Amino acid sequence: MRALPATLPILFLCEISFLLGHGLIMTLLGVRMSLEGFPSQMAGLLMSSFSLGFVFGSYWLEKRIRGVGHIRVFAACAASLAVTAMAHGLWINPWAWLVWRLVGGAATAGMLMVMESWVSGESTNDNRGRVLGWYMVISTTSLAAGQWMLNLADPSGPVLFSVVGMLFALSLVPLSIHRIHGPSRHHDIQPRKIHLKTLYQRAPVGLVGAFTGGLMAQAFFAMTPYYGQEIGLTTAQTARFMAITTLVALVAQWALGRVSDRLDRRRVILWMAIVMTVTGAIISAVANASFWILLVVACFHTAMLHTLYSLSLAHTNDWLEPEEIVAANAKLMIWYGIGSVVGPFSASLVMQVAGPDGLWLFLGAAAFSLAMFVMVRLHGERPDTVTQEPFVAVPVMETPHFTEMDPRLEPQQLELDLEGAPQDISHHA
């Protein structure tokens, strides 16, 4: 960490406080909605409104960042998140909560855009691998730790909402007490537009995989705490379940990314979809048998789930020119965002019909549909003989600005490295 630019540790401190709060409120809301007796479709609608706000915020707040600067947008978003978090505890009303989640989604997008674009601006060819490594580890562990904080107080009271508000407010402190400059730019590549039709023709599995990744990931994060309460898990078990299944992403992205560097990524995505289909069916059948069986099988499921978008992104980038990566990845994020809006509410409708286990039936069915699509695309098509770029892991939560930290945007390929100097791995391509 000492070898990184002085601004980055300050930004990482902001990120830790922000993601602790975000991880806590995402889990808390699912639990609290079950305790308040909200029907599953209302719970799904509330969580979908967050994703809708996130999509709109990703584009509207980008203009505000260019207009008034990173620090002002960060402060406005952190204050909005703190207020809306505490408002949940003051007024228990599903329609009011829908508004709070819409605003919270937009503010969350703003916070992530500021941090990701700022971190990207402070990164160079010489430190990009280490910066990306630290960003991945900090974001995933902070999100998981926030989910574990559900154990700090009774989720049926207002205390945890106040804790969330304090964490969001504290994310402002490191920026406020240090004199730091805004982000700089080091990219030499000029982006080039690519049409959606062209993108689909080149990498249909990447585009559909991104949509399915958003559909499944947000359905999981939004509805699993609600599901846990409905099947009788304790608050501690729900917190443990969410934290562990999130931490699995760190190991899974590294392992599956290495495998996909050596094999046709479409086949890796196919096997991931098959694993998610099978584990979804198993969980829906044995979830009530044992918490530990549920946790172990769910870890296999979420290991694939949290890696799906990263592999879809990597597969798409294999078929792009360097100048096309920024525009293409933005389009993938749009489809990921569309999936994240549709997923929670769709999962809640299935749960309304099939009961709590409908969540896993929905996730399994989405994975099965993806597997069928990939099999159709593989059958009778050209072999995937394109030179594959090294896999780059993606955080559990990201905005289009994360693309700017992708080492593939620079002439030198850098390996994710937390401690030592970055290593040139271009010979793996």
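Position numbers for residues start from 1 in each chain and track the written sequence from start to end. Selection of residues for local features in this predicted model requires a pLDDT of at least 70, selection of side-chain atom pairs for listing and counting requires 80 or more, and totals for whole chains, interfaces and linings are taken over all residues. Side-chain calculation: all heavy atoms of the structure are included, whereas hydrogens and water are not.

The name that an unreviewed UniProt entry assigns to the protein is MFS transporter, with the source organism given as Halomonas cupida.

Asker: It is not clear to me how the overall build of the protein should be interpreted in this structure. Could you clarify?
Answerer: Counting its regular elements, the protein contains 14 helices and 0 strands. Sequence-ordered secondary structure for the protein, helices as α and strands as β, is α-α-α-α-α-α-α-α-α-α-α-α-α-α. Remark: exposure states derive from per-residue accessible area (1.4 Å probe, protein chains only) relative to the maximum for the residue type, with buried under 20%, exposed over 50%, and partly exposed in between. A buried classification covers 59% of the 429 residues belonging to the protein. Across the protein, every contact between residues at least 6 apart in sequence was considered, and the portion connecting residues at least 24 apart equals 85%. Methods summary: accessible areas were calculated by the Shrake-Rupley approach with a probe of 1.4 Å, and residue burial reflects only the protein chains presented. Accessible surface computed for the protein: about 16,600 Å², of which carbon and sulfur atoms make up 66%. Secondary structure elements are taken from DSSP: a helix is a run of H or I of four residues or more, a strand is a run of E of two residues or more, and numbering for both begins at the N terminus. Pairs of residues are marked as contacts when any of their non-hydrogen atoms sit within 4.5 Å.

Asker: Which parts of the structure should I look at to understand the nonpolar core?
Answerer: It is characteristic of soluble globular proteins that their nonpolar side chains tend to be buried jointly. Think of a nonpolar core as a cluster: buried Ala, Val, Leu, Ile, Met, Phe, Trp, Tyr and Cys residues, connected wherever their side-chain atoms sit within 4.5 Å. If you look at the biggest cluster of nonpolar residues, it comprises 116 residues, and the most contacted ones within it are Met33, Phe241 and Trp360. Counting residues per element, this core draws most heavily on helix α1 (residues 7–35), which supplies 15 residues. All domain edges in this entry derive from an automatic or database-based domain assignment. Of the domains in this structure, domain 1 (10–180) and domain 2 (192–381 + 388–396) are the two that each give at least three residues to this core. Each residue touching phenylalanine 241, except ones within four places of it in the same chain, is listed here: Phe220, Thr224, Phe291, Leu294, Leu295, Ala298 and Trp360.

Asker: Where do I start with the environment of arginine 377 in this structure?
Answerer: Relative to the assigned elements, arginine 377 resides in helix α14 (residues 358–378). For arginine 377 and arginine 266, which are 111 residues apart along the polypeptide, the C-alpha to C-alpha distance reads 9.0 Å. When neighbours within four sequence positions are excluded, arginine 377 is seen to be in contact with Tyr200, Pro204, Val205 and Arg266.

Asker: Explain the confidence of the model for the protein to me, please; I cannot follow it from the model alone.
Answerer: Atom-level detail of predicted coordinates should not be read off regions where pLDDT is low. Confidence per residue, as judged by the predictor, is encoded in pLDDT with a range of 0 to 100. Mean pLDDT for the protein: 81, with 81% of residues reaching 70 or above. Of the regions scoring below 50 in pLDDT, residues 408–429 engages in 63 contacts with residues more than four places distant in sequence or in other chains.

Asker: How should the pattern of salt bridges be read in this particular structure?
Answerer: Pairing is possible between side chains that carry opposite charge, provided their charged atoms lie close to one another. Here a salt bridge means any side-chain nitrogen of Lys or Arg lying within 4 Å of a carboxyl oxygen belonging to Asp or Glu. Applying the stated rule across the entire model yields 3 salt bridges. For arginine 266, the salt bridge identified is with aspartate 264, shortest N-O distance 3.2 Å. Exposure remark for aspartate 264: the relative accessible area of 13% places this residue in the buried category.

Asker: Just checking my understanding: could you explain the packing of helix α2 (residues 40–68) against helix α3 (residues 70–90) for this structure?
Answerer: Two quantities define a packed helix pair, namely the angle between the axes and the distance from one axis to the other. It is the contact of α2 with α3, at a shortest axis distance of 7 Å, that shows an interaxial angle of 130°. As far as their axial angle goes, α3 and α2 are oblique. Listed contacts from α3 to Leu61, Arg64, Ile65 and Val68 of α2 are His70, Arg72, Val73 and Cys77. For this classification, Asp, Glu, Lys and Arg are treated as charged, while Ala, Val, Leu, Ile, Met, Phe, Trp, Tyr, Cys and Pro are nonpolar and the rest, including Gly, are polar. Each residue belonging to the contact of α2 with α3 can be placed in one class, and the counts come to 5 nonpolar, 1 polar and 2 charged. In this analysis an axis means a line fitted to C-alpha atoms, helices contributing only their contacting stretch, and an angle means the value between N-to-C directions, from 0 to 180 degrees. Angles are sorted into four bins: roughly parallel if under 35 degrees, roughly antiparallel if over 145, roughly perpendicular if 65 to 115, and oblique for all others.

Asker: I'm lost on the side chain of serine 48 in this one. Help?
Answerer: Topologically, serine 48 is positioned in helix α2. The class for serine 48 is buried, based on a relative accessible area of 5%. Look past the residues within four positions of serine 48 in its chain and what remains in contact with it is Val341, Pro344 and Phe345.

Asker: What's the story with the packing of aromatic side chains in this structure? I'm lost.
Answerer: For any pair of aromatic rings, the description consists of the separation of the ring centres together with the inter-plane angle of the planes. Stacked, tilted and edge-to-face pairs are distinguished by plane angle, under 30 degrees for stacked and over 60 for edge-to-face with tilted covering the rest, among Phe, Tyr and Trp rings (Trp via its six-membered ring) whose centres lie within 6.5 Å. Counted under the stated rule, the structure contains 10 aromatic pairs. Taken together through their ring pairs, the aromatic side chains of Phe220, Phe221, Tyr227 and Trp360 make up a single cluster.

Asker: It is not clear to me how α14 should be interpreted in this structure. Could you clarify?
Answerer: For an α-helix the count is 3.6 residues per turn, leaving residues at separations of three or four pointing the same way. A helix is expected to span 1.5 Å for every residue after the first. In this model, α14 (21 residues) spans 30 Å end to end at C-alpha, consistent with the 30 Å of a helix rising 1.5 Å per residue. Turning to α14, its buried residues are Gly358, Leu359, Trp360, Phe362, Leu363, Gly364, Ala366, Ala367, Leu370, Ala371, Val374 and Leu378.

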